[in-house]
Amino acid sequence: MPNSDTAWWVGALFIIFTILSIAAIIIRNNAAKKDAVGRSEKDTIATNVSIDPRKNTRKLD
């Protein structure tokens, strides 16, 4: 029965890895939702636009 013991270990490690991955995803999402920068999207756009843009600039394709 050595093959059966190996299968149990592989299965247990897979389940543990899966549970830890799901927990990490949930913790990361909760932390991202609680992140309080204190700026809205409108504020971010307003502060990232140059007041004096460069002249004669072209967009590179």
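Everything discussed here concerns the structure shown above.
Since this is a predicted model, take the numbers as computed values, not measurements. Sequence positions are assigned chain by chain, starting from 1 and proceeding in written order. Only residues with pLDDT of 70 or above have their local features reported here, since the model is predicted, and side-chain atom pairs are shown and tallied only from 80 upward, although totals for entire chains, interfaces and linings are computed over all residues. Remark: hydrogens and water are excluded; side-chain values derive from all non-hydrogen atoms of the structure.

Asker: Would you mind going over the overall build of the protein in detail, with residue names and values included?
Answerer: Per the secondary structure count, the protein includes two helices and zero strands. For every residue, the accessible area obtained with a 1.4 Å probe (protein chains only) is divided by the maximum for its type, and the residue is called buried under 20%, exposed over 50%, and partly exposed between those limits. Counting every position in the protein, which comprises 61 residues, the buried fraction comes to 0%. All accessible areas in this document rest on Shrake-Rupley with a 1.4 Å probe, and a residue is counted as covered only by the protein chains that are shown. Approximately 6600 Å² of the protein is accessible, and the part contributed by carbon and sulfur atoms is 63%. Only DSSP runs of H or I with at least four residues qualify as helices, and only runs of E with at least two residues qualify as strands; both kinds are numbered from the N terminus onward.

Asker: Tell me about a nonpolar patch on the surface, residues and numbers included.
Answerer: Residues Phe 14, Ile 15 and Ile 19 make up a contiguous nonpolar surface patch of roughly 340 Å² in combined accessible area. Locating Ile 19 in the fold gives a position in helix H1 (residues 2–34). Judged by relative accessible area, Ile 19 falls into the exposed class, the value being 52%. Nonpolar side chains (Val, Leu, Ile, Met, Phe, Trp, Tyr) within 5 Å and like charges within 9 Å form the patches, drawn only from residues with over 30% relative accessible area and no salt bridge. Salt bridge, as used here: a side-chain nitrogen of Lys or Arg that lies within 4 Å of a carboxyl oxygen of Asp or Glu.

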